[in-house]
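Letter by letter, the chains look like this.
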6 protein chains.
Amino acid sequence: MSQSVFVADLTWVEYNARVSSGKTIVFLPVGALEQHGPHMAMNPDVLIPTAISARVAERVDGLVVPAISYGYKSQQKSGGGNHMPGTTSLDGHTLTLTVRDILKELARHGVRRIVMMNGHFENSMFLVEGVDLAIRELRWDGITDFNVVLLSYWNFVLNDTIKAIYSDDFPGWDFEHGGVLETSLMLELHPQLVQMEKVADHPPPQFPPYDFFPIKPEWTPPSGTLSSAKAASAEKGRLLLQVCVDGIAEAVSRAF
Amino acid sequence: MSQSVFVADLTWVEYNARVSSGKTIVFLPVGALEQHGPHMAMNPDVLIPTAISARVAERVDGLVVPAISYGYKSQQKSGGGNHMPGTTSLDGHTLTLTVRDILKELARHGVRRIVMMNGHFENSMFLVEGVDLAIRELRWDGITDFNVVLLSYWNFVLNDTIKAIYSDDFPGWDFEHGGVLETSLMLELHPQLVQMEKVADHPPPQFPPYDFFPIKPEWTPPSGTLSSAKAASAEKGRLLLQVCVDGIAEAVSRAF
Amino acid sequence: MSQSVFVADLTWVEYNARVSSGKTIVFLPVGALEQHGPHMAMNPDVLIPTAISARVAERVDGLVVPAISYGYKSQQKSGGGNHMPGTTSLDGHTLTLTVRDILKELARHGVRRIVMMNGHFENSMFLVEGVDLAIRELRWDGITDFNVVLLSYWNFVLNDTIKAIYSDDFPGWDFEHGGVLETSLMLELHPQLVQMEKVADHPPPQFPPYDFFPIKPEWTPPSGTLSSAKAASAEKGRLLLQVCVDGIAEAVSRAF
Amino acid sequence: MSQSVFVADLTWVEYNARVSSGKTIVFLPVGALEQHGPHMAMNPDVLIPTAISARVAERVDGLVVPAISYGYKSQQKSGGGNHMPGTTSLDGHTLTLTVRDILKELARHGVRRIVMMNGHFENSMFLVEGVDLAIRELRWDGITDFNVVLLSYWNFVLNDTIKAIYSDDFPGWDFEHGGVLETSLMLELHPQLVQMEKVADHPPPQFPPYDFFPIKPEWTPPSGTLSSAKAASAEKGRLLLQVCVDGIAEAVSRAF
Amino acid sequence: MSQSVFVADLTWVEYNARVSSGKTIVFLPVGALEQHGPHMAMNPDVLIPTAISARVAERVDGLVVPAISYGYKSQQKSGGGNHMPGTTSLDGHTLTLTVRDILKELARHGVRRIVMMNGHFENSMFLVEGVDLAIRELRWDGITDFNVVLLSYWNFVLNDTIKAIYSDDFPGWDFEHGGVLETSLMLELHPQLVQMEKVADHPPPQFPPYDFFPIKPEWTPPSGTLSSAKAASAEKGRLLLQVCVDGIAEAVSRAF
Amino acid sequence: MSQSVFVADLTWVEYNARVSSGKTIVFLPVGALEQHGPHMAMNPDVLIPTAISARVAERVDGLVVPAISYGYKSQQKSGGGNHMPGTTSLDGHTLTLTVRDILKELARHGVRRIVMMNGHFENSMFLVEGVDLAIRELRWDGITDFNVVLLSYWNFVLNDTIKAIYSDDFPGWDFEHGGVLETSLMLELHPQLVQMEKVADHPPPQFPPYDFFPIKPEWTPPSGTLSSAKAASAEKGRLLLQVCVDGIAEAVSRAF
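Values in this document were obtained by computation on a predicted structure and should not be read as measured data. (Residues numbered from 1 in each chain as written. Chains lettered and ligands numbered in written order. Predicted model: local features only at pLDDT ≥ 70, side-chain atom pairs only at ≥ 80, totals over all residues. Heavy atoms only, no water.)

1. Re the interface of chain F and chain A
Each partner contributes residues to the interface: chain F has 50 residues there, and chain A has 50 residues. Both sides together, the interface formed by chain F and chain A hides about 3800 Å², and carbon and sulfur atoms give 58% of it. Linking chain F with chain A are four salt bridges. Taken together, the elements giving at least two residues each to the side of chain F that touches chain A come down to α1 (12-19) and α4 (92-109) of chain F. If you tally residues by element for the side of chain F that touches chain A, the top one is α4 of chain F, at 10 residues. Classifying every residue of the side of chain F that touches chain A gives 24 nonpolar, 18 polar and eight charged. (Contact = heavy atoms within 4.5 Å. Buried area = accessible area lost by both parts, 1.4 Å probe. Salt bridge = Lys/Arg side-chain N within 4 Å of Asp/Glu carboxyl O. Helix = DSSP H or I, 4+ residues; strand = E, 2+ residues; numbered from the N terminus. Nonpolar A, V, L, I, M, F, W, Y, C, P; charged D, E, K, R; others polar.)

The structure is reproduced here in structure tokens:
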């Protein structure tokens, strides 16, 4: 029998044996195809939550279904903006329906415990709505014990870790687009997808306390990143990965 | 001619004279019907941004169209949760379509400068999507000079003001649901809708760094508020109002 | 405890105490932002049904939730047409979804008796559809005792009243756009929003027995009104208000 | 070459020769499958407007495309209600999208003059919306000379004819469901689909001036008809047909 | 009592007597308005499945509801392409919703056995989806014994018949657009809608094993047909009709 | 600069340099998460078209964007049915919107040549519709030179290859679900995801020439496969891969 935590690696017979009781926790990573600066490949938002999901799944004897690879439109103040080349996004309703459909199918298989692991800031509310629609329709089917933990992995980075990694230069999660956090994690997980010599070392942009549409391209640094990844390292990535995996594993175990 | 900033108070002839040039800034408040604790009426999220919109409109010679009165589903960690009595919410797609439709109509009238003033945290991303859809369809109609400032008023409360109001007890905006900020603003704007003696004086709840669905009612304090409004006062409301109106008026003037 | 019939003025605790039994009748006014001629502000379609709802609610110990402020597209032969400045309308599907969502939320609160009070002719069928979708989905949730009275207030103006008000010049409800009925009611309810000296005193336009799309602007009188409001008066408004409130209160009491 | 006015009887070559100039008027009948009492088959709402369309098309050298066979939900006060057996209806949005799609395709063929001939009262507003969506999207495609006449055939029955047919017993169009008008027309057009001996001869029901949902089946006469067809005759049908065909032919000729 | 198998010819009382037990099989033909070459009228895809439905219904004591007259977009390699004049198609979602709505209404009447008889290749998957949505929603209404047979009539033409009709020149069903099969059936059923002297006698086009969008008009033969109908005859039509009716009648009897 | 053909491995700067001219061909694999029998992992429908896309992209100097990982509902006669554990599918409309959104984003980047490589039979028509909607909306944006090749890789398996692989036992593509074709390709591409000893060696099921809904589970072999993969081998996989890559590379080169 396959030992993989990835559902895509299993036969249906193996999968069925694992999920039909409803006790196995199933992780659904949700990411994006989005530019992350001149130094990094374009889907850390998929790769990082997939990697964390796999590690947590190993600890809690869970499984990971394939990530939702495309996410909601990049916002200028958190992702550089949806005008950037390479960034490839869905309408909000499309993403919501995708989440709804996948969750309902997992419920049909017998899964009752889901962890949606978000890797792309802008997805959040459309995931919430997808979960809400799924739970509503499952209720119409008489299924009322279907539970979802929805999280963004960076919310498990504790203040101590932030201090250890950023000293006093933490720009805030909004500015952590292609910055130290994501770059360090990618250096640890997929070093071949990072080219540190191409990091754009600029200060975070100054954004006003509102959004403007259509966006003004000049607000986004030419690099597309919102803070400098110069201080990123695989070592920091290791630390971040550990704190996220530990925190999420514990949270998930307690939640279910 | 009517001196009101409220479009609903104008005749179409008056309105037309004001907006056909495209220069007049039009404010669209977006709120919610949502419980705000045992001490406060249920639509501060409409009343506060409407009041701020009116004051800013007076300063910048703008106009205010009727608020969108119903908003997106209350989230447990920012609004107590959508299971509470009285909270009356729309599906995300419904809200998005409403925004899209209204903006396109304003564009048809000749309006080219919009300020969407959000009063309900959970609305944000669905407003973003509504703006995006409107701009897309207007582009298909050959209209490419339609601009929207989208803001949540509390983002204009400066750090100094936070310190002045909360000393060191600022719970974070997420917890400001029925708390000092909203209650103070309501005491200043609509004192008859606040019953200070009914304030539930409890510490902010401890939420885990994830969401759980279906929500667990026991996570929400029985009051429905997420922080205590005991320290609220009309004076603080006056200060908050002033800093918001000042900040937004300046921002809007600079944006357009 | 607040004595207001307006739900937006209540705390959730007060609201909950009123509606959880399912017996309280809840009124949902539905209007529009629509030009009503050079002599009248642009939302009588919200203000009039809201006022009637409040008066009837007082009689039947009911409550009034915030109006749906934006309605379906103005039709040329009943509202002057959707090309007019100021008229700000929703797509039909958007309005239908809004109604569906609000009704379902009220049902979640325990409400079982709704009166939808329409103030805008063009809304009617989209309200019907919204009610139908809500009842369908509530049925899927096992709720089968949710009842809705859907009415347009002018249908309660009796023939005697029509005769008293119009003598023999009643143009038909279709032509009552910005005419004697609405203007009189506004003179009674919100006199500051009417400028009688600006009434366009023209005969009703001659419309063919079909609609033409895209509409021909020249079919609509330049004023935007479809009949003259010259004969309007607060006194007539008082009479109209009384007959509507009396009739609707009686009808509602009998219906539930 | 086929002499038929029905597009479904033509080859595409014949059709193309007729419509590519944009001058030919194309008729689109819209009906319903709806019970019409114990004495009449269930689609007069398709058959009557199709027959009128064909006759008018002959006069104005136009064409008739296949009818939309299913319509919006029957309303209790105009069609007996959607709870009746046999009545088979679409959601409003489905009907609207169907109209939108068909009109856009006709425009692609080069058609610029459409007459939508409605035979089912409840369809009206969803047809309006379908036309509006089609015109909007055609505009996005640069097509701005696409015109639609939307009509319900009974609006061409003049007062003289009403008097001739009903003497003083005209119940109003709302009650003309399975009554003298429709039955007479069917006796003239499709006598084999009428069984006069089964006419339910009852007075029109007394409806209150509001709708109630879910509908109360007892409001609808057991027959499903809203007025008695006893006085129907082929001769009256002939007269009605003539006045409709004459009136519509003249209106259409003037409109385009 | 009407002996017609067509529901549109029945009164609701007759229909109700037939379907309320749930045992009667109801046929829903689904077609298209689509060019079928210079020699044939444009709705064989409606007429043929309607005719087969009627004949099978007679055998199995079933009924036939009105056809869905407009179908999904013609594909170049199976229908010549949706750029052709006359071809009038729906968006996929529109067709799916239409199917869903009609099936749910039939279920409301008590029907439990449906045969959807498809006459237009491109419809298939959108019909599948419409059936799936209907069954899902019916399940939410507690109806779990609603069954649908979905078929395309040409799948009942046996290999022997193909050999008898085409000898060795069977081009494959994809190319049977306006070819021998459809033309022969129309010659048998509606000879007045075929003009054999206008048949375009060309070999089937050579299509690559992929689709290209936007389609390349030059791939489609100028005639719009994909194979020659020259060998068509009423006699072959009679044979095809018989094999389809026999096969479907047997299949349906066994299925239910 | 990264030499990868996978867009997800590139920085946005690298990607932009490749696509901004519009000449680079971009491949979009579309698959499914679907059971493929007791001997094979659950996403060959993603892995195979991704692998073929990559190989063809190398030949034509193209790029590959991340696959759409979830597809349309498995049909009983081509995929075993959507009742099987593990099979995780989207509603048709969800898939269509996903395709529409991704294609429009690629067009925004400047891409003008797309190859959609389908690996899941049931997706086809919803992909067609997604492409059609994208092209329609791009046209509204003034983009008319955006071209899509849509293909299913198995259509490039030539008759000679079929004979070489199956001798005379080719069951037809419909039955090739978890059979020799897919299993051989997986043995060549991802041998660790195949367990040949678990192949269910049964003859293809006998399906009637219609679909039945809700599906009858007993029609599907207990294994979930529709033909035996016993004769699969990596060598056959190599041959299949080669013929597909060769054929598609040539077709794509000719198409653009």
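Once the structure has been displayed, the description carries forward.
2. What about the sheet that holds strand β5 (residues 113-118) of chain A?
Think of a sheet as strands paired side by side through backbone hydrogen bonds, with each pair either parallel or antiparallel. Taken together, five strands build an open sheet; the order of strands is β2(A)-β1(A)-β5(A)-β6(A)-β5(B) and the sheet is mixed. For this open sheet the edge positions go to β2 (63-64) of chain A together with β5 (211-213) of chain B, each flanked by a neighbour on one side alone. When strand β1 (residues 25-30) of chain A meets β2 of chain A, the two strands line up parallel, connected through two bridges. Considered in β2 of chain A, the bridge of V26 of chain A is made with L63 of chain A. (Pairing = 2+ DSSP bridges.)

3. Looking at the sheet that holds strand β3 (residues 113-118) of chain B
In space, the five strands of this open sheet follow the order β7(A)-β4(B)-β3(B)-β1(B)-β2(B), with mixed pairing throughout. Where the open sheet ends on each side, the last strands, each with one partner, are β7 (211-213) of chain A together with β2 (63-64) of chain B. The sheet contact formed by β7 of chain A and strand β4 (residues 147-152) of chain B spans three bridges and is antiparallel. Looking at β4 of chain B, one finds that D211 of chain A is bridged to L150 of chain B. Sheet strands in contact with helix α2 (residues 44-60) of chain B are β1 (25-30), β2 and β3 of chain B, and its direction is about 170° off that of β1 of chain B. Across the sheet, helix α5 (residues 124-140) of chain B lies against β7 of chain A together with β1, β3 and β4 of chain B, angled at about 180° from β4 of chain B, the strand it touches most. (Axes fitted to C-alpha atoms, helices over the stretch in contact; angles between N-to-C directions.)

4. Observations regarding the packing of aromatic side chains
Scanning the model with the defined rule gives 68 aromatic pairs over all chains in all. Ring geometry for F175 of chain C and F207 of chain C: centres 5.7 Å apart, planes at 15°, overall stacked. Taken together, the positions of F175 of chain C in the loop between α6 (159-166) and α7 (180-189) and F207 of chain C in the loop between α7 and β5 (211-213) put the pair 32 residues apart, joining distant regions of the chain. F207 of chain C shares its class with F175 of chain C; the two are buried. Taking the centre distance of 6.5 Å and the plane angle of 45° together, the rings of F207 of chain F and W219 of chain F count as tilted. One end of the pair, F207 of chain F, is in the loop between α7 (180-189) and β5 (211-213); the other, W219 of chain F, is in the loop between β5 and α8 (234-255), with 12 residues separating them in the sequence. (Phe/Tyr/Trp six-rings, centres within 6.5 Å; stacked < 30°, edge-to-face > 60°. Buried < 20%, exposed > 50% of the residue type's maximum accessible area, 1.4 Å probe, protein only.)

No statement about biological role is implied by the geometric values presented.
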